[in-house]
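# Inside the fold
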Amino acid sequence: MGSGVNAGVTRASASTGASERDWTNPLRDPRDKRLPRIAGPCGLVIFGVTGDLSRKKLMPAIYDLANRGLLPPGFALTGFARREWGQEDFGQVVYEAVKQYARTPFRQEVWDRLAEGFRFVQGSFDDDDAFDRLEQTVADLDRIRGTSGNHAFYLSIPPSAFPVVCKQLARSGLSAQDVEQWRRVVIEKPFGHDLQSARELNEIVDEVFPEDSVFRIDHYLGKETVQNILALRFANQLFEPIWNSHYVDHVQITMAEDIGLGGRAGYYDGIGAARDVIQNHLLQLLAFTAMEEPTSFSSDELRAEKIKVLNATRLVGPLDETTARGQYTGGWQGGELVRGLKEEEGFDPNSHTETFAAITCEVNSRRWAGVPFYLRTGKRLGRRVTEIAVVFKRAPHLPFDATMTEELGQNAFVIRVQPDEGVTMRFGSKVPGSQMEVRDVTMDFGYGTAFTEASPEAYERLILDVLLGEPSLFPVNEEVERSWEILDPVIEHWAAQEKGPDPYPAGSWGPESAQQMLARTGRAWRRP
Amino acid sequence: MIVDLPSSTTSAVNRKLVELRETGGVLALGRVLTLVVVTDDGADIESAIAAANSASREHPCRVIVLARGQRRAAARLDAQIRVGGDAGASEVIVLRGYGPLAADEPGAGMVAPLLLPDAPVVAWWPGEAPAVPSGDAIGRLAQRRITDALSAKNPIRAFEQRRAHHVAGDTDLTWTRLTHWRALLAAALDHPPYEAVTSAVVAGEAVSPSTDLLAGWLSNRLGVKVKRSPSSSGAGMSSVRLNRPSGPIELIRPDGRTGTLRQPGQPDRLIALSRRGVPDCLAEELRRLDPDEIYGAALTGVADIARGRTPVKVEV
């Protein structure tokens, strides 16, 4: 969804004076597909700039954007952290991050221009003086670098720090915007831990920034393969006619990780897999898979369809039978001896935090009535993989003897989100030979291996969209709250149970209860 | 892996490709286009193949290199297939035709059986191109024809030919080299003050088809007087000035590396603006397989530009 999205949202840029509406840029033309949209003059301020996300994802993404010529001349990057760094230290940290993690080749001249715009402000979040200095720095950038008062604030910090940072941004005048200049705020998951807390968090942010200046990052939506779902479904005639309950038996959405939680206890204990992954990533993937066709690819239309499908999504009960949760135990995984969750540093040996969660949803619409959507996620599973598998019903009549189709399974259409991005189709084919025998074969489209080497990383795309004010890839308030509404009953149900999560060995595909949950209706999880 | 097939035919090449696919796993499946590179046999072949391979990472393709060998020789086709590590994400077939096979029509006859079924065909002349690419035997097989006036022996003459014989589907790398410039200029007009441009001056090396083309683009898009002047220094494009009532927007590149964007009432902004390499340009070209109308319009705009004689001083 390239140019179509951009075309629909020029209105979203900051100043909406009368003259802008009347203005058509004579150098732009929808037919001129070579011209990229370069962000207007602006700067980015990162809070929590010493964190992992900032070094591994944000800094390299910013360099890559500069290298692709998509950042405005005079772009400024300001870091804010408690660390006692000088300007040069900050530059050095960014340099090392870029050298190590950037995807495009290092070019000195690009780096030199970018590095001229680096600033670092030292301070803690409750320090008025630090925010005044930040305000001063930003004002200086407007004067020296020409960032024209347009600034985005990236809060790469724990949600508990949001209230104080938002308050500081308002107090120091940093959040103040007018028609001439925009201020935007970027926040990362978790967006709360249930509906109640999500609402509170939204209120805090909304007090300081209007909703259209708030960009919630769900980095899955920045992935090419996720955007490609829309292209696959709505640009082709091949799939949409069978994309409904007449032909689809069920849908499985999986996000599996092979790593454990060593070192992340502080964040994860008490949160668990369902809140960490299902509420945001998996329900968003469900929305992309199940949504109706938007009338256009403008962000408003796209969001309207996503909210519609989320509003139609419900849990299937009884939850005892339609959900499963698990906790990995220690053992040998892939040639490595790993610890179980309860032995991981920082976790309570009696922890009830689940590291595997699976739920069953249904979408109450004519298109999907009766089609279960199974969502599962977990740590220390067989391998790292995210995929959407649409499993089709068996052909209503097979003009073959039973022995001929013994090895024929159900047709499946699998969107591999990561890694090895692409699409797999599974169908039956005749086994060569004099007998009629049908067996499953796969047809493979390797989107990932061939296309993505030069395609942007999710964070690149998302940061650029923030700077352009292009909101279609960011979930809105309503989507976040609706997702919690869907998930909350499961979490409450689990919390009320005496028994903790079911144990599963590291490197397996989850606890036995997860298998039971599908076996009940005669189905089985795909091995991704 | 490199497989040599001396004194061969295209059906032998096709057979070998199928055999390689069966023994070596998936090749040639999922390729999105066929890129035909037309060149004279010589040392330049390898740099053209390298550029095609690097572009193939973005656009998996089958690359057919048609290398025209000695014309005064017996008819012979030497073929070579490169796959795997020697071919990037593509597969490369080099066809060296000698004697009668070095001529245009027989050359196209060798290429045709090797084109991927149903996939678009792009022809690329990395060096000297035919005067009328769309009338060329290979050019007729292709939807898109990519030339490079700058790599011709006489760039000005080559550029004149492009203007005279342009048809939809033709593009020239002189146009691709301008994309960053055009993007920066367009972005500068995205922001206030929203004023019409009253006139423009484009300066660059005396022999620089790209500079002419940028002037042509501005003339066509803006419909105002555009002057094309030589510049006192710098290679290729060196400066653009868009005059507006409140003051000019200037984009200046004196050293061929760093651009300066200058607007009234705003600090100078620096940006990396290096001349782009051929692999980079080729990758951009392959990104679109439909005709580039804007390029066609820019070519017609060249007729309307005014020529200045006084060199424009380019300094920051």
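Here the structure is a predicted model, which means the values were calculated and not measured. (Residues numbered from 1 in each chain as written. Chains lettered and ligands numbered in written order. Predicted model: local features only at pLDDT ≥ 70, side-chain atom pairs only at ≥ 80, totals over all residues. Heavy atoms only, no water.)

### Comments concerning the overall build of chain B
- Counting its regular elements, chain B contains 10 helices and 15 strands.
- Each of the three principal axes of chain B carries a C-alpha extent, and together these read 70 × 40 × 30 Å.
- With 316 residues in all, chain B has 57% of them scored as buried.
- For chain B, restricting intrachain contacts to residue pairs at least 6 apart in sequence, the fraction spanning at least 24 positions comes to 73%.
- Split by element, the accessible area of chain B, about 12300 Å² in all, is 52% carbon and sulfur.
- The positive charge centre, built from 38 side chains, and the negative charge centre, built from 35, are 4 Å apart in chain B. (Helix = DSSP H or I, 4+ residues; strand = E, 2+ residues; numbered from the N terminus. Buried < 20%, exposed > 50% of the residue type's maximum accessible area, 1.4 Å probe, protein only. Contact = heavy atoms within 4.5 Å. Areas by Shrake-Rupley, 256 points an atom, 1.4 Å probe, with all protein chains shown as cover. Lys, Arg positive; Asp, Glu negative; His and termini not counted. Charge placed at Lys NZ, Arg CZ, Asp CG, Glu CD.)

### Focus on the overall build of chain A
- From N to C terminus, chain A includes 17 helices and 18 strands.
- Whereas a compact globule of 528 residues would reach a radius of gyration of roughly 24 Å, chain A reaches 25 Å, a difference of no more than 12%.
- Projected onto the principal axes, the alpha-carbon positions of chain A cover approximately 80 × 60 × 40 Å.
- Residues counted as buried form 57% of the 528 residues belonging to chain A. (Rg over C-alpha atoms; globule rule 2.2 N^0.38 Å.)

### Some details on the side chain of B:Ser210
Residues and elements named next belong to chain B.
- For Ser 210, the position within the fold is in helix H8 (residues 209–222).
- Ser 210 sits in the buried class, given a relative accessible area of 10%.
- Other than its neighbours up to four places away in sequence, Ser 210 contacts Thr 174, Arg 177, Leu 178 and Met 237.

### Here we look at helix H3 (residues 104–111) of chain B
- Three or more residues of H3(B) are buried, namely B:Gly107, B:Ala108, B:Met110 and B:Val111. With its buried residues spanning 155° around the axis, H3(B) presents them on a single face. (Arc of directions from axis to C-beta.)

### Topic: the sheet that holds strand S11 (residues 237–243) of chain B
- Pairing is mixed in the open sheet, where 7 strands are placed in the order S14-S13-S12-S11-S9-S10-S15 (chain B). Each edge of the sheet is formed by a strand with only one pairing partner; in this case those strands are strand S14 (269–272) and strand S15 (306–307) of chain B.
- Summarising the sheet, strand S12 (residues 249–252) of chain B and strand S13 (residues 258–262) of chain B pair through 3 bridges and their orientation is antiparallel. Each bridged residue has a counterpart across the sheet, and for B:Leu251 the counterpart in S13(B) is B:Leu261.
- Taken strand by strand, helix H5 (residues 108–115) of chain A contacts S13 and S14 of chain B, and its axis lies near 155° from that of S14(B).
- In this fold helix H7 (residues 179–188) of chain B packs onto S11, S12 and S14 of chain B, with an angle of close to 20° to the strand it touches most, S11(B). (Pairing = 2+ DSSP bridges. Axes fitted to C-alpha atoms, helices over the stretch in contact; angles between N-to-C directions.)

### Overview of the pattern of salt bridges
- Summed over all chains, the structure comprises 58 salt bridges over all chains.
- Across the salt bridge formed by B:Asp290 and A:Lys33, the nearest N and O atoms sit 2.4 Å from each other. Of this pair, B:Asp290 sits in the loop between helix H9 (278–286) and helix H10 (293–301) while A:Lys33 sits in the loop between helix H2 (18–22) and strand S1 (43–47), which puts the two residues in different chains.
- With a closest N to O distance of 2.9 Å, A:Arg367 and A:Glu240 form a salt bridge. (Salt bridge = Lys/Arg side-chain N within 4 Å of Asp/Glu carboxyl O.)

### Let's talk about the nonpolar core
All names here are of chain A.
- One finds Phe 47, Leu 134, Phe 373, Leu 375 and Phe 413 to be the most contacted residues of the largest nonpolar core, which totals 99 residues.
- Here the element with the most residues in this core is helix H11 (residues 272–290); it accounts for 11 residues.
- With 45 residues, the next largest nonpolar core counts Val 49, Met 59, Leu 70 and Phe 75 among its residues. (Core = buried A, V, L, I, M, F, W, Y, C linked by side-chain atoms within 4.5 Å.)

### A look at the pairing of strand S12 (residues 356–363) of chain A
Residues and elements named next belong to chain A.
- Burial analysis of S12 places 7 of its 8 residues in the buried class, which makes it a mostly covered element.
- Note: strand S8 (residues 313–315) against S12, 3 bridges, orientation antiparallel. By the bridge assignment, Arg 314 is partnered in S12 with Glu 362.
- In terms of strand pairing, strand S9 (residues 324–329) meets S12 through 3 bridges, oriented antiparallel.

### Description of the domain arrangement of chain B
All names here are of chain B.
- The domain boundaries assigned to chain B delineate domain 1 (2–147) and domain 2 (179–307).
- Each of domain 1 and domain 2 has a C-alpha centre, and the two are 35 Å apart.
- If you look at the interface, domain 1 gives 13 residues, while domain 2 gives 10 residues.
- Carbon and sulfur atoms make up 73% of the area that domain 1 and domain 2 hide from each other, which totals about 1100 Å².
- Applying the counting criterion to the domain 1 and domain 2 interface returns 1 salt bridge. (Domains from an automatic or database assignment. Buried area = accessible area lost by both parts, 1.4 Å probe.)

### Considering the environment of A:Ala115
- Here A:Ala115 shows up in helix H5.
- Each C-alpha atom, one on A:Ala115 and one on A:Pro419, is 33 Å from the other, the two residues being 304 residues apart in sequence.

### Let's talk about the domain arrangement of chain A
Residue and element names in this part refer to chain A.
- According to the domain assignment, chain A contains domain 1 (36–188) and domain 2 (222–519).
- Each of domain 1 and domain 2 has a C-alpha centre, and these two points are 34 Å apart.
- Domain 1 puts 22 residues into the contact, and the matching count from domain 2 is 14 residues.
- In this structure, the connection of domain 1 to domain 2 is made through 2 salt bridges.
- With a closest N to O distance of 2.7 Å, Glu 460 and Arg 68 form a salt bridge.
- Where domain 1 packs against domain 2, one counts 5 residue pairs in polar contact (both at pLDDT 80 or more).
- Contributing elements (two or more residues each) for the side of domain 1 that touches domain 2: helix H3 (52–67), strand S4 (151–155) and strand S5 (183–188).
- Looking at the side of domain 1 that touches domain 2 element by element, the count peaks at 7 residues for H3. (Polar contact = N/O pair within 3.5 Å; in protein donor to acceptor, adjacent residues only side chain to side chain.)

### Some words on the environment of B:Gly236
All names here are of chain B.
- Turning to its location among the elements, Gly 236 is positioned in the loop between strand S10 (225–230) and S11.
- You can call Gly 236 buried: its relative accessible area is 3%.
- Measuring from C-alpha to C-alpha, the distance between Gly 236 and Val 207 comes to 7.9 Å, with 29 residues separating the pair along the chain.
- Beyond its immediate chain neighbours, meaning those up to four positions away, Gly 236 contacts Gly 204, Glu 205, Ser 208, Thr 211 and Arg 275.

### Here we look at the environment of A:Val251
Residues and elements named next belong to chain A.
- Relative to the helices and strands, Val 251 is located in strand S7 (residues 248–256).
- Taking relative accessible area as the criterion, Val 251 reaches 0% and is therefore assigned buried.
- Along the primary structure Val 251 and Pro 372 are separated by 121 residues, whereas in three dimensions their C-alpha atoms are 6.5 Å apart.
- The contact partners of Val 251, leaving out residues within four places of it in the chain, are Val 371, Pro 372, Phe 373, Tyr 374, Ile 388, Ala 389 and Val 390.

### Topic: the interface of chain A and chain B
- Each partner contributes residues to the interface: chain A has 38 residues there, and chain B has 45 residues.
- Each partner contributes to the roughly 3600 Å² buried at the junction of chain A and chain B, and carbon and sulfur atoms together form 58% of this total.
- Put simply, chain A and chain B have 8 salt bridges between them.
- Among the salt bridges present, the one from A:Asp29 reaches B:Arg221, with a minimum N-O distance of 2.9 Å.
- On inspection of chain A and its partner chain B, the count reaches 17 residue pairs in polar contact (both at pLDDT 80 or more).
- Split by residue class, the side of chain A that touches chain B holds 15 nonpolar, 7 polar and 16 charged. (Nonpolar A, V, L, I, M, F, W, Y, C, P; charged D, E, K, R; others polar.)

### Digging into unusual backbone geometry
All names here are of chain A.
- Lys 189 connects to Pro 190 through a cis peptide bond whose omega is 0°.
- Counting through the fold element by element, Pro 190 comes out in the loop between S5 and helix H8 (195–208).
- Between Gln 418 and Pro 419 the backbone carries a cis peptide bond, its omega angle lying at -20°.
- Relative to the elements of secondary structure, Pro 419 occurs in the loop between strand S15 (412–418) and strand S16 (422–430).
- A positive phi is found at Arg 380, a non-glycine position, where the angle reads about 50°.
- Within the element layout of this structure, Arg 380 appears in the loop between strand S13 (372–378) and strand S14 (385–392).

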